[in-house]
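# A look at the structure
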Amino acid sequence: MVEKSAAHSVATDTTMSLRPSSNWTGWGQWLALVTMTVDHLTRYVLPGDWGLDWAGASIGRIAFPLFAAMVAWHGLFNTRNPLRYSRRILVIGLVAQLPYMMMPRASDAFILNVCFTLASGLALGTMVRLGWQHYQQQTLTMPWLLAGAAVGVTVWYLLGFWVEYGHNGLLLIPLLMFAMHALSQADNYFQARLWAGLAAFPVLWIAGQMNASDMAKSFTVATCVLVLFLAAGAAQRIPTVSFMMPRRLWLAWYPGHFALIALWLLLSGQLT
């Protein structure tokens, strides 16, 4: 779910020239896959009487905000074409949807997997950013900007009923992009730092709404706080990961681990 290269720049020259280090995402990839797998193993595979629900409500709550942060970071600082990046995430989601639908759930409602949430959130954040850039450049008038905003809100509202993590999950990436940009571009004077700090509050508020238990909320919010510190300058201090994750493993893990879990559930008689 991480873009390596793309074409057709949508970022300004200033943003690209001040682009922060992305070394942390190499570590983030490993952590995201491990925490996601822990969450899904404790939820779908390991017996409930083992008493490991705490792992999904703690370690497992790191995965989604970390994936969202990496998608927002690459969409903002690295890829030249965030919409194409979004389409690539969507392809992973399409491949993963069938085994994802085989996972046992309390509700029979049809839900699209998290890749659809990430891809849609990135697309919404990108369109907001593009619209504002065109408005500032006076190539887009206020009526068209408001019309685009109305369409975006409508899409967000309707899609939020169908994707994993719902409306809050869709908002997380656009808000992360806004906060990361503000924090990374803030000058060293009080007003700029104050504005950058205020830009982080919507992210933390949404993160706090995404889970029911206090433990889950704390892990989700803490993950967002960490990535916002990275955007504020701490990313420059992160060394390169010792062993980069193979690209094929990164792309195949999400659909692949669901397929293996579905196979295990089928062979163990838990799927009928």
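Remember, predicted model here, so these are calculated numbers, not experimental data.

Criteria and thresholds
- Residues numbered from 1 in each chain as written.
- Predicted model: local features only at pLDDT ≥ 70, side-chain atom pairs only at ≥ 80, totals over all residues.
- Heavy atoms only, no water.
- Core = buried A, V, L, I, M, F, W, Y, C linked by side-chain atoms within 4.5 Å.
- Buried < 20%, exposed > 50% of the residue type's maximum accessible area, 1.4 Å probe, protein only.
- Helix = DSSP H or I, 4+ residues; strand = E, 2+ residues; numbered from the N terminus.
- Phe/Tyr/Trp six-rings, centres within 6.5 Å; stacked < 30°, edge-to-face > 60°.
- 1 Å grid on protein atoms, 1.4 Å probe; cavity = no way out; pocket = protein on both sides within 12 Å on 5 of 7 lines; lining within 4 Å.
- Points joined across faces, edges and corners; volume = space filled by probe spheres on them.
- Nonpolar A, V, L, I, M, F, W, Y, C, P; charged D, E, K, R; others polar.
- Expected span 1.5 Å × (residues − 1).
- Patch = residues over 30% accessible without salt bridge, like charges linked within 9 Å, V, L, I, M, F, W, Y side chains within 5 Å.
- Areas by Shrake-Rupley, 256 points an atom, 1.4 Å probe, with all protein chains shown as cover.
- Salt bridge = Lys/Arg side-chain N within 4 Å of Asp/Glu carboxyl O.

### So, the nonpolar core
- Trp24, Phe67, Leu118, Leu172, Leu176, Met180 and Tyr254 are the most contacted members of the largest nonpolar core, which has 60 residues in total.
- Within the residue set of this core, elements represented by two or more residues are helix 2 (23-45), helix 4 (63-78), helix 5 (82-101), helix 6 (114-136), helix 8 (166-185), helix 9 (190-208), helix 10 (214-231) and helix 11 (247-267).
- By residue number, the principal contributor to this core is helix 4, which donates 12 residues.

### Comments concerning the packing of aromatic side chains
- If you walk through the whole model with that rule in mind, you get 11 aromatic pairs.
- Seen from their ring centres, Trp73 and Phe77 are 4.9 Å apart, and the 65 degrees between their planes marks the pair as edge-to-face. With Trp73 and Phe77 both in helix 4, this residue pair falls 4 residues apart, about one helical turn.
- When its relative accessible area of 0% is taken as the criterion, Trp73 is described as buried.
- Take Phe77: its relative accessible area is 0%, and that puts it in the buried class.
- Ring plane angle 75 degrees and centroid distance 5.5 Å describe the contact between Tyr100 and Phe258, whose orientation is recorded as edge-to-face. Placement of the pair is Tyr100 in helix 5 and Phe258 in helix 11, with a sequence separation of 158 residues.

### Notes on the layout of surface pockets
- Of the voids in this model, the second largest pocket is the one considered here, and its volume is about 260 Å³.
- In terms of lining, the second largest pocket is formed by Arg43, Tyr44, Tyr100, Pro104, Arg105, Ser107, Ala109, Ile111, Val163, Glu164 and Tyr165.
- Across the lining of the second largest pocket, the residue classes tally to 7 nonpolar, 1 polar and 3 charged.

### Quick look at helix 8
- Helix length check: helix 8, at 20 residues, gives a terminal C-alpha distance of 30 Å against a target of 28 Å (1.5 Å per residue), a fit within 8%.
- Most of helix 8 is tucked away, with 14 of its 20 residues classed as buried.

### A look at a nonpolar patch on the surface
- A contiguous nonpolar surface patch, about 650 Å² in accessible area, is contributed by Met101, Phe110, Tyr157, Leu158, Phe161 and Trp162.
- Classification of Met101 by relative accessible area gives partly exposed; the value is 45%.

Nothing here speaks to function; it is all geometry.
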